[in-house]
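Results of the structural survey
Each chain is listed here by its residues.
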Amino acid sequence: MAAIAAKLLMNRAAKSIPALAVGTWLALGGAVLAQPTCSDPLSKAFMPARVTNPEPGDRQAIMDLIHSYNWTLDDKDAAAFTELFTEDATYEACSVGVQIFKTTGKDPLGMYIQGVLQGLPFQTRHFESNTLLHAKDRATVDGKWMLLVTIQRPDVETPALDYTAVVKATFLRDKDDLWRIAKLTLITDEPQIKARAR
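How each quantity is defined
- Residues numbered from 1 in each chain as written.
- Predicted model: local features only at pLDDT ≥ 70, side-chain atom pairs only at ≥ 80, totals over all residues.
- Heavy atoms only, no water.
- Helix = DSSP H or I, 4+ residues; strand = E, 2+ residues; numbered from the N terminus.
- Buried < 20%, exposed > 50% of the residue type's maximum accessible area, 1.4 Å probe, protein only.
- Areas by Shrake-Rupley, 256 points an atom, 1.4 Å probe, with all protein chains shown as cover.
- Pairing = 2+ DSSP bridges.
- Salt bridge = Lys/Arg side-chain N within 4 Å of Asp/Glu carboxyl O.
- Contact = heavy atoms within 4.5 Å.
- Polar contact = N/O pair within 3.5 Å; in protein donor to acceptor, adjacent residues only side chain to side chain.
- Patch = residues over 30% accessible without salt bridge, like charges linked within 9 Å, V, L, I, M, F, W, Y side chains within 5 Å.
- Axes fitted to C-alpha atoms, helices over the stretch in contact; angles between N-to-C directions.
- Phe/Tyr/Trp six-rings, centres within 6.5 Å; stacked < 30°, edge-to-face > 60°.
- Lys NZ or Arg CZ within 6 Å of the ring centre and 35° of its normal.

For the rest of this paragraph, the subject is the overall build of the protein chain. Helices and strands together make up the secondary structure of the protein chain, namely three helices and eight strands. Reading the protein chain from its N terminus to its C terminus gives the helix and strand order β-α-α-β-β-α-β-β-β-β-β. Buried positions account for 51% of the 198 residues belonging to the protein chain. Accessible surface, the protein chain: about 10,000 Å² in total, of which carbon and sulfur atoms supply 56%.

Our focus in this paragraph is the pairing of strand β5 (residues 140-152). Looking at chain direction, strand β4 (residues 123-137) and β5 are connected through twelve bridges and run antiparallel. Pairing of Gln123 across the sheet is with Gln152, part of β5. In this structure, the hairpin formed by β4 and β5 is closed by a connection of two residues. The sheet contact formed by β5 and strand β6 (residues 160-173) spans twelve bridges and is antiparallel. Residue Val141 lies in a different strand from β6, and its bridge partner there is Phe171.

What follows concerns the pattern of salt bridges. Pairing between side chains becomes possible if they bear opposite charge and their charged atoms approach one another. Scanning the model with the defined rule gives seven salt bridges in all. Across the salt bridge formed by Lys106 and Glu83, the nearest N and O atoms sit 3.5 Å from each other. Remark: Glu83 occurs in the loop between α2 (78-82) and β2 (85-95) and Lys106 occurs in helix α3 (residues 106-117); sequence separation between them is 23 residues. Taken together, the shared-partner salt bridges connect Asp58, Arg173 and Asp177 into one network.

Considering the arrangement of structural elements, one finds Ala79 in helix α2. We classify Ala79 as exposed; its relative accessible area is 55%. Each C-alpha atom of the pair Ala79 and Met111 lies 9.0 Å from the other, and the pair is 32 residues apart in sequence.

For the rest of this paragraph, the subject is the environment of Ser39. Inspection of the secondary structure assignment puts Ser39 in the loop between β1 (25-26) and α1 (56-74). Among the residues examined, Ser39 registers a relative accessible area of 44% and is labelled partly exposed. Separated by 60 residues in sequence, Ser39 and Gln99 have C-alpha atoms that sit 7.3 Å apart. Residues in contact with Ser39, not counting those within four places in the same chain, are Glu92, Gln99 and Lys102. At a separation of 3.3 Å, a polar atom in the side chain of Ser39 contacts the side chain of Lys102.

Judged by side-chain polarity, Phe127, Leu148 and Leu161 come together as a nonpolar surface patch covering roughly 290 Å² of accessible area. Structurally, Leu161 is set in strand β6.

This part is about the sheet that holds strand β3 (residues 98-104). One open sheet accounts for six strands, arranged β3-β2-β7-β6-β5-β4; its pairing is mixed. Strand pairing shows two members of the sheet lacking a second neighbour, β3 and β4, which therefore form its edges. Sheet twist, expressed as the mean angle between neighbouring strand axes with direction ignored, is 15°. Running over the sheet, α1 touches β2, β4, β5, β6 and β7 (179-188) and is turned about 155° from β4. The strands that α3 touches are β2 and β3; relative to β2, the one it contacts most, it runs at about 55°.

Quick look at the packing of aromatic side chains now. Under the counting rule described, the total for this entry stands at six aromatic pairs. Ring centres of Tyr69 and Phe81 lie 5.5 Å apart, and the angle between their planes is 40°; on these two criteria the pair is classed as tilted. On the criterion of sequence distance, the pair formed by Tyr69 in helix α1 and Phe81 in helix α2 is long-range, its members being twelve residues apart. Since its relative accessible area comes to 0%, Phe81 is described here as buried. Taken together through their ring pairs, the aromatic side chains of Tyr69, Phe81 and Phe85 make up a single cluster. One residue, Lys168, lies across the ring of Phe46, its end atom 4.4 Å from the ring centre.

As far as function goes, none of this settles anything; it's purely spatial.
Here it is in structure tokens:
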């Protein structure tokens, strides 16, 4: 899917909260306020230039896990979202090298995401593409993909682009032979963040 380090900051002008990063509430008045550096930046060394694909069955299971991650957020299902992660999973959201949220442990992440999702006044849609998976061994797979998120407000006819990002993740096979997310880093493309959530 330990301490939650995110601070809730409210943008003076933001009464309705648009969205930004999965599991994140952050509002800035124009500049980043003493936020820590992202501990997991998008480096080329994360995956080799030529990946070694997992076995077909494992690849399908991991792709289903990625798609379930997107669906649980869009369905505002915090319990199902939490079950996608290992017990000691690390989740981090960053924007242009700046850390905006980080937590370790499935339960703290689940409690946090529950609070965020139940407060969202709009529908989100997460679209994943250009996914690469690299098998490090039989039980460990690294992955990265692009993410595009739209929001649909009840009073607006057309959905709006919310943000784009790169997602990096490490997947582990558990004792029950199920794949789970052990580490996930979402790195948004926006250089400045306004009041956003998710």
